[in-house]
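Fold and geometry: a report
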Amino acid sequence: RRVLFRSVCNQKTTTATTFFYINRNGEPAFDATKYHFETILPFGDGLAAVRRFGQYFSFIDPSGKTVIPPQFMAAAVFADGLAPVNLHVAEGMRWGFIGKDGKMVIRAHFASALAFSGGLAAVQMIDGKWGYIDTKGSMVITPKFDSALPFYNGMAQVSVGSTPGYIDPTGKYVWGPK
């Protein structure tokens, strides 16, 4: 039987807010006294990014066990076997993508990055423009947008200036500016 994980906020008047996961019955998915977090994200591909108080982001499995140790300034949800993570590199703080083993798969050189959806991930270049990469790290939609969101049902919302539009996975506008 599959367990549904949800986050729950536990705020006490004398302590900081903590979060933990619950199962379908509304019970803690694992020992909430031992596994409470400052920040949690949804599970994707069997792992979830979490941050314990005073630590970097790490990734846990559904039992609460840490499988990728704390080492990231920020992280997002695993999808298509990859998760965007933010870390310090020689050029400064950059985003890249790790595999489920915690190893860097796509070099950390982006100003920002979103999780994969439909085999593509929106990434922001250092010049501020957004484009899309595939799971190999190849740029498949040229960075030319001022904002970009993940693909959903075969389309992604993008904007140039304040003008929004929707593109298909080839980068062609479906609706909006031509």
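The preceding data block contains the structure.
Numbers given for residues are sequential positions, taken from 1 along each chain in its written order. Side-chain atom pairs in this predicted model are given and counted only at pLDDT of 80 or more, local residue features only at pLDDT of at least 70, and totals for whole chains, interfaces and linings cover all residues. Working from all heavy atoms in the structure, the side-chain values ignore hydrogens and water.

**Concerning the overall build of the chain**
The helix count covers DSSP runs of H or I at least four residues long, the strand count covers runs of E at least two residues long, and both are numbered beginning at the N terminus. A tally of regular secondary structure across the chain gives zero helices and 18 strands. In the chain, which comprises 178 residues, the proportion classed as buried is 39%. Only heavy atoms enter the contact rule, under which two residues are in contact if any of them lie within 4.5 Å. Nonlocal contacts in the chain, meaning residues at least 24 apart in sequence, comprise 21% of its contacts between residues at least 6 apart. The method behind every accessible area is Shrake-Rupley, applied with a 1.4 Å probe, and residues are considered shielded solely by the protein chains displayed. Roughly 9,600 Å² of accessible area belongs to the chain as shown, and the carbon and sulfur atoms make up 54% of that amount. Between buried and exposed lies partly exposed: a residue is buried under 20% and exposed over 50% of the maximum accessible area for its type, with that area taken using a 1.4 Å probe on protein chains only.

**Describing the sheet that holds strand β13 (residues 130–134)**
Strands are labelled as partners when DSSP assigns at least two bridges between them. Spatially, four strands are ordered β11-β12-β13-β14 in an open sheet, and the strand pairing comes out antiparallel. Strand pairing shows two members of the sheet lacking a second neighbour, β11 (112–113) and β14 (139–145), which therefore form its edges. Bridge count for strand β12 (residues 120–124) against β13 is five bridges, and the pairing is antiparallel. Considered in β13, the bridge of Gln-124 is made with Trp-130.

**What to know about the pattern of salt bridges**
Here, a salt bridge means any side-chain nitrogen of Lys or Arg that lies within 4 Å of a carboxyl oxygen of Asp or Glu. Scanning the model with the defined rule gives two salt bridges in all. Arg-51 is the salt-bridge partner of Glu-38, the closest N and O atoms lying 3.4 Å from each other. Placement of the pair is Glu-38 in the loop between β2 (18–22) and β3 (39–40) and Arg-51 in strand β4 (residues 48–51), with a sequence separation of 13 residues. Classification of Glu-38 by relative accessible area gives partly exposed; the value is 30%. Among the ionic pairs, Lys-129 bridges to Asp-146, the shortest N-O distance being 2.6 Å. Taken as a pair, Lys-129 in the loop between β12 and β13 and Asp-146 in the loop between β14 and β15 (147–148) lie far apart in primary sequence, 17 residues in all.

**Describing the pairing of strand β10 (residues 104–110)**
Of the pairings in the sheet, the one linking strand β9 (residues 92–98) to β10 comprises three bridges and is antiparallel in character. Across the sheet, the residue bridging to Phe-97 is Ile-106, located in β10.

**Here's the deal with the sheet that holds β9**
Spatial ordering of the open sheet is given by β7-β8-β9-β10, a layout of four strands whose pairing is antiparallel. Edge positions in the sheet fall to β7 (74–75) and β10, since each of these pairs with one other strand and no more. Of the strand pairs in this sheet, β7 and strand β8 (residues 83–89) are connected by two bridges, and their pairing is antiparallel. Following the sheet pairing, Ala-75 is matched in β8 by Val-85.

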